[in-house]
Amino acid sequence: MRRLISRWEVAAAPAGAFADPAGLDGLAWLPATVPGTAASALRAAGAWSWADDRRFDAEDWWWRTSLPGEPAPGVLHLDGIATLWDAWIDGEHAGSGDNMFRAYQLPLPAGARRLVIRCRALEPELARKRPRPRWRVPMLEQQQLRWIRTTLLGRTPGWSPRCPPVGPWRPVWIGPAPAEQVEIDARLDAGAGTVACRAVIDADACTLVVSRGAERHAAALAATGEAWTGTLTIERPALWWPHTHGRPDRYDAVLEVQRGGDTRTVPLRAVGFRSIELERELEREPDRGGEFGLRVNGVRVFCRGACWTPLDVVSLAATPAEYATAVAQLCDAGMNMIRIGGTMVYEDDALYDELDAQGVLLWQDLMFANMDYPDDPAFVAGVELEVDHQLARLAGRPSLAIVCGNSEGEQQAARWGAARELWTPRLFHDVLARRCRDVPYVASSATGGAFPHAVNAGPASYYGVGAYLRPLDDARRAEVRFASECLGFANVPDDPALPPVHDPAWKAGTPRDRGADWDFDDVRDHYVQRVFGVDPAALRAADPARYLELARVATGEVMARVFDEWRRARSTCRGGLVWFLRDLRPGAGWGLIDVRGTPKPCWYVARRALAPIGLALTDEGSNGLAIHVANDRAEPLAGRLELTLWRGDLRLRDAATEIAVAPHAAIELAANAQFDSWIDLSYTYRFGPPAADVVHARLRAGDDVVETHWFPAGLSAAREPDVGLAVTGDAGALAITTRRFARFVAIDAPGYMPSDSYFHLAPDQRRTITLTGDGPLRVAIRALNSEAGATGGSP
C-alpha cells in the first residue's frame, strides 16, 4: 500500500468554470495535505481563520498530485471525498461519486503520472428543483441537503463554524490489483467466543491465529470461491468490559498466509468478546413510558459519557496518538460511552481502535439528522451501499453497543407538526433496520412514548435541565430513561486568550439555535442564578471577573447534581450523554473540553459524579438527606463511610459506619440514621439557622477515597477575606491545605495540567495534586469563597 499524503495542491474556481483539468494552471494553487479539506489547506497557508465566512459550498475545488508511475496496473483507493466529485488520471475521466461516507476504487493504469480531483460546488446542486420536505429543520439554511450524502458540520449556523468539509478528507492510496481484503467478526455465543474470517487474498493456504499472552488459538481457513473463510472458537474466553465495570480484555489476531513456500503474517485488528443486550419496553405501554438500557455480559450498565465531535473540525483529521489521548481523557472523567451523532462524520478506525482498547462503549448514529430524507429508489440504493460499507468497519468490534438510524429525525417531524404516520419513515424503520439486523439497532436517537421526544420512554434528547430552564429536580420528576444527549450549556473555559465577556467576539464562540432569540450563554446564566442566587446580568456588568468565576463552575455543578440523581439505586435512568465532549471552535462552547483539548472547570466538577465508585447526597425533603453509593466495579466494595458537619473551621459533628456494596450495584442510606439524634441536614423544617454550612461525606475503601458535599443553605456567592489556603511541594506532589472550608479550589499552573482542580477542601484535609507539563513552575491557588489565595512553585 502506498499512501498519497504530500505533494498535493488545491485551488478554488467559480462553480462550473472548468469541465475538465484543461486550463487549470492559471488558478491560484496552494500546497495541501491529504487527508484534508479545502479549509484546512487555506488555514495552513494563513488564508482562513475562525472569523472568516467563506462560502466553501459555492465554489468548485480542484485537487491535484503526482502519481508514482507504477509499472503494473493497480487500484486507486479513495476512502472518502466530500462530496460531489470527479477524478481524472492522466487527463482521462476515471470516475465520480456523490457520497462522502463511501469508499471508492478506481482502476489505475500502469505508468500513471497525474491525478486530478474536482469537488463540485454544492450550492448549484441544492438550488435544483426537487420535491419539498414534509417538515422543516430550523438549524439548516438549506433544507435540500436531505438529498446530499454529506455532513451537516459547517452547514448549521449557530453552533457549527462555517468550514464545511470539501475534498479528500480520508486517505487516498494505491494498492495492488486485485486488492486484498480481510474481514473478521468476533462474537460471544453461549459463553464461547467465535471469530469468523473472510479473506480475499492470493494464497496456497491461510491460517487465522488469535492469541492473548501465552494463550494461542489457530484455525485453517477453507477456499470457498474467490475467498478463504473459516471460524475459530475459544471456550470461556476472557471478556471485554467497559472500563468502569471491568477490564476490556482483547485478543491479538493475525492471518498467516502461505504462498509458494513462503509464509507472511497479515496483522488484523484485535478482537474482544462480550454480549450486548438492548433492553427496551417501548411497545408494552407506550403512553406510560418504558425501560431502555444496556446489559453488557448480562450486567446492567449505567452508560455515561458525551457526544463526540471531530478533534479538528476543519480538517476532520487526527493522529492515532491524538485519538488515544482524547479517549484516555474521557476515561479519566469516568465516562464509559460516546455517541457519534448523525450531524457529524463516521470516524477514523484509529478512534474505534482506542474505544476497543480502553473500554468505552460506542453509540454510533448513521449520518442522518432531523431531515425528511427522500424515499427515492436511487437515493435509498446509495444509502444501502454506504451503510453496508460502514457496518463492515464496525460490526464485531467489542465497543459497538448501539447503531442508531438517525439523530432526532422523529422528534423533528413531530415538533414541526407532521402527522403521526410521518414520524416513522420506512428508510429507518424498515430499510436500515434490516441492514442492521446483526447489531443492536434503534431507529432514532429520540423515539418511543406518546411522542418521540417524551423522555420517559426510550432514548431521548433531555434538555429539561438545560435549554428548557427547568429546575434541577426535573431530572428526577421527568423519569428520564436514557438521555442520548443532554445538559447542553455554554461551558466557560479557563483560557486567558478568550475575549472579554462584554466583547462581541465572545458571542462568536457561543452556540445558539438558529432563529432563537436566546443563546446558551442565557441558559448558563439561568443556572448561575439558580445555583448561586445572584443576578448574573448585574454581576457581569459590575464585576465580570467574578461573574466568570461563578459561571465556570455552575454548569459543572448542575451536571453533577443531575448525574447524582440518575445513578441512584431507585432511578429510572439508564444512561446520559452530555452534549458535547469537546468544543468545535474557541469560546464558551458546549464541550466539557475546549478546542485545544484542555478540560474546562465543568469537566473537573462533573468527573466526581461519573467515577466508577459513586458517592452522592440528595435532598429527599421531609425524609432528610439520602446517601447514595454506586459500585460499578467487578469486585465487592467494602469501606468506611464518614460524615462530618462543618461551619467554617469548626467541626460540629461526626458519624461513621461500615458499608458493603455488591459488584455492579448501588445502595441508598439515610444520612440521619448515622447520627444518634435527629438533625435537619436537608434544612427542610427550618427551625432556626441550618445545622451546618457543609455536610461532608467521605468513603474510604482500601486505597480509594471518594467524597461529596452538601450545602444545606445552598451554594453561596459570598467570599471571606481569607480561608487560609496554603500550597507546598513541586509538580510531582503539590500539597494543598486550608484553615477554613474552601469551595471550588482551583489550580492555575501555566504550562501544566493538574490531576484535579475545582474541588472542595475541608480543614482536616491535605490534598495532594500532581502536575503534568514542563517549564518553570508557578502555581496560584484560589477558592471561590475566598478573596485571598496562595502561590507556590519552583525556580
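Before going into details, it helps to say that this report is about the structure given with it.

About the thresholds
- Residues numbered from 1 in each chain as written.
- Predicted model: local features only at pLDDT ≥ 70, side-chain atom pairs only at ≥ 80, totals over all residues.
- Heavy atoms only, no water.
- Axes fitted to C-alpha atoms, helices over the stretch in contact; angles between N-to-C directions.
- Helix = DSSP H or I, 4+ residues; strand = E, 2+ residues; numbered from the N terminus.
- Parallel < 35°, antiparallel > 145°, perpendicular 65-115°, else oblique.
- Left-handed = near helix turned anticlockwise from the far one by under 90°.
- Contact = heavy atoms within 4.5 Å.
- Nonpolar A, V, L, I, M, F, W, Y, C, P; charged D, E, K, R; others polar.
- Core = buried A, V, L, I, M, F, W, Y, C linked by side-chain atoms within 4.5 Å.
- Buried < 20%, exposed > 50% of the residue type's maximum accessible area, 1.4 Å probe, protein only.
- 1 Å grid on protein atoms, 1.4 Å probe; cavity = no way out; pocket = protein on both sides within 12 Å on 5 of 7 lines; lining within 4 Å.
- Points joined across faces, edges and corners; volume = space filled by probe spheres on them.

## Some details on the packing of helix H3 (residues 320–332) against helix H4 (residues 349–358)
So, step 1. Two numbers describe how H3 lies on H4: the axes approach to 9 Å, and their chain directions differ by 40°. Taken together, the axes of H3 and H4 are oblique relative to one another. Considering the relative orientation of H3 and H4, their crossing is right-handed. For the pair formed by H3 and H4, the contact residues are Pro 320, Tyr 323, Ala 324, Val 327, Ala 328 and Cys 331 on the first element and Ala 350, Leu 351, Glu 354, Leu 355 and Gln 358 on the second.
So, step 2. Grouping the constituent residues of the contact of H3 with H4 by class yields nine nonpolar, one polar and one charged.

## Regarding the packing of helix H12 (residues 544–566) against helix H13 (residues 601–610)
So, step 1. Axis separation between H12 and H13 bottoms out at 7 Å; the angle between their running directions is 15°. By the criterion of interaxial angle, the relationship of H12 to H13 is roughly parallel. Considering how the two elements wind past one another, H12 and H13 form a crossing that is right-handed. Residues Arg 552, Thr 555, Gly 556, Glu 557, Met 559, Ala 560, Phe 563 and Asp 564 of H12 pack against Pro 601, Cys 602, Val 605, Ala 606, Ala 609 and Leu 610 of H13.
So, step 2. Across the contact of H12 with H13, the residue classes tally to nine nonpolar, two polar and three charged.

## Notes on the nonpolar core
So, step 1. If you look at the biggest cluster of nonpolar residues, it comprises 181 residues, and the most contacted ones within it are Phe 532 and Trp 566.
So, step 2. Among the elements that line this core, the one with the most residues is H12, at 12 residues.
So, step 3. With near-sequence residues (within four places) excluded, Phe 532 lies in contact with Leu 550, Val 553, Ala 554, Leu 715, Ser 716, Ala 717, Phe 744 and Leu 784.

## Describing empty space enclosed by the protein
So, step 1. In total, this model carries five cavities of 30 Å³ or more according to the counting rule given.
So, step 2. Space inside the largest cavity adds up to approximately 80 Å³.
So, step 3. Around the largest cavity sit 14 residues that line it, and Arg 567, Gly 614, Ala 616, His 628 and Ala 630 are the ones nearest its centre.
So, step 4. Put simply, the parts of the chain that give the lining of the largest cavity at least two residues each are H13, strand E30 (613–619), strand E31 (625–631) and strand E34 (665–670).
So, step 5. Looking at the second largest cavity, its volume works out to about 70 Å³.
So, step 6. Only H12 and strand E39 (742–748) provide two or more residues apiece to the lining of the second largest cavity.
So, step 7. Ranked by residue count, the leading element in the lining of the second largest cavity is H12, at three residues.
So, step 8. In the lining of the second largest cavity, the residues fall into six nonpolar, no polar and three charged.

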